[in-house]
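One letter stands for each residue in the lines below.
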Amino acid sequence: MKRLEGKVAIVTGAGRNIGEAICKLFASEGATIAVTDLVQEAADRVANEINAAGGKAKGFACDVGKEDDIVKCVNDVVAAFGRIDVLINNAAISDNKNMFDLTTEQWNQTLAVTLTSPFLFVKHAARWMIDNGVKGTMVNVSSTSGYFGRDRAIAYTAAKGGVVNLTKSQAIQLAPHGIRVNAVVPNKIGSPVGRDEFDPTRPVLNLAGRPGVPDDLARAALYLANPESEFVVGTALFVDGGCTALMPGNA
Ligand SMILES: NC(=O)c1ccc[n+]([C@@H]2O[C@H](COP(=O)([O-])OP(=O)(O)OC[C@H]3O[C@@H](n4cnc5c(N)ncnc54)[C@H](O)[C@@H]3O)[C@@H](O)[C@H]2O)c1
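This one's a predicted model, so the numbers in the text were calculated from it and none came from an experiment.

Criteria and thresholds
Residues numbered from 1 in each chain as written. Predicted model: local features only at pLDDT ≥ 70, side-chain atom pairs only at ≥ 80, totals over all residues. Helix = DSSP H or I, 4+ residues; strand = E, 2+ residues; numbered from the N terminus. Rg over C-alpha atoms; globule rule 2.2 N^0.38 Å. Buried ≥ 20, exposed ≤ 12 C-beta atoms within 10 Å, placed from the backbone. Contact = placed C-beta atoms within 7 Å. Near = placed C-beta within 6 Å. Nonpolar A, V, L, I, M, F, W, Y, C, P; charged D, E, K, R; others polar. Pairing = 2+ DSSP bridges. Axes fitted to C-alpha atoms, helices over the stretch in contact; angles between N-to-C directions. Expected span 1.5 Å × (residues − 1). Arc of directions from axis to C-beta.

A. Molecular detail of the overall build of the protein. When its secondary structure is counted, the protein shows six helices and seven strands. Reading the protein from its N end, one meets helices and strands in the order β-α-β-α-β-α-β-α-β-α-β-α-β. At 17 Å, the protein has a C-alpha radius of gyration in line with the 18 Å of a compact globule built from 251 residues. Principal axes of the C-alpha set define a box for the protein whose edges measure 50 × 40 × 35 Å. A burial count over the protein gives 47% of its 251 residues as buried. In the protein, of all internal contacts separated by at least 6 residues, the share reaching a separation of at least 24 is 71%.

B. Up close: the site of the ligand. Taken together, 32 residues are adjacent to the ligand, and Gly-13, Asn-17, Ile-18, Ala-92 and Ser-143 come closest. In terms of residues, the shell around the ligand owes the most to one element, helix 1 (residues 17-28), which gives three residues. Considering only residue class, the shell around the ligand consists of 15 nonpolar, 12 polar and five charged.

C. How the structure looks around the environment of Ser-28. By secondary structure assignment, the location of Ser-28 is in helix 1. With 17 C-beta atoms packed within 10 Å, Ser-28 lands in the partly exposed category. A sequence separation of 116 residues divides Ser-28 from Thr-144, and the C-alpha atoms of the two residues are 28 Å apart.

D. Expanded view of the sheet that holds strand 6 (residues 180-186). One open sheet accounts for seven strands, arranged 3-2-1-4-5-6-7; its pairing is parallel. Two strands in the sheet have a free side with no partner beyond their single neighbour: strand 3 (56-61) and strand 7 (236-239). Taken pair by pair, the neighbouring strands of this sheet meet at an average axis angle of 20 degrees, ignoring direction. Set on the sheet, helix 6 (residues 214-225) makes contact with strand 4 (86-89), strand 5 (137-141), strand 6 and strand 7; between it and strand 6 the angle comes to about 165 degrees.

E. How the structure looks around helix 2 (residues 40-52). Helix length check: helix 2, at 13 residues, gives a terminal C-alpha distance of 18 Å against a target of 18 Å (1.5 Å per residue), a fit within 8%. Listing the buried residues of helix 2 in full gives Ala-42, Ala-43, Val-46, Ala-47 and Ile-50. Down the axis of helix 2, the buried side of the element spans an arc of 130 degrees, and every buried residue falls inside it. Within helix 2, the exposed residues directed more than 90 degrees away from the buried face are Glu-41 and Ala-52. Turning to helix 2, the residues buried within the fold contact helix 1, strand 2 (32-37) and strand 3.

This is how it looks when you write it as structure tokens:
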């Protein structure tokens, strides 16, 4: 029995890299996939590849920085596939800026896409699940940047830290409805956020001795999305090669 047989999964920011890997792994486990991305063509490419490999998927354009897009996406997925069982909030952008170089507009946009979107997508998908008696699972993608300060990416680090505690409150508020919410915490998986080129010289300091690949994160998301993890609620699963186990300067 495949682990997501009969389930419908929405993955945001799924037009490449980590989101793409999650879609393809979930499809191989029997899920029907709503591949959503800011860029329709990117979502369609991933959906087409899943369909060509014998899975079932459809591409949806959705700017997660806009609540109207999120509401429309939830409705469109239900119209296309009849239900929603799994939501993976993967989309994010990084400002990559020091506070003095960051405009208020850039701060707001980074928080809208990276922190407000998992708030809104969970809210609207959970509303549908509760109204339709679906005990679903949801995974928010945080980052090790949510646990440490950095000399740049001030909005991204703030947003990713927020995602961790947002996940706990969502888990508490949705547990009475049988909906489980968890987070994953990646570090240096494939290419940096906002880029599509893998750089083998990207410095990586961890216990695994290699950079992460998108499938590392996809397997963790699969664990949290299926009933194998039914006793795991409101937690943050580090998928970081052990980098956060290292005390800075004393590795
Ligand atoms: N790559 C890493 O090393 C790393 C490390 C820690 C955390 N993460 C997290 O993992 C997740 C995926 O990272 P990635 O490296 O695959 O990112 P990526 O930049 O390669 O891909 C992000 C995708 O999101 C889409 N996107 C951007 N803005 C969007 C919007 N407003 N609405 C909908 N989609 C939008 C992009 O089109 C793209 O397809 C993110 O949450 C990121 O913060 C990644």
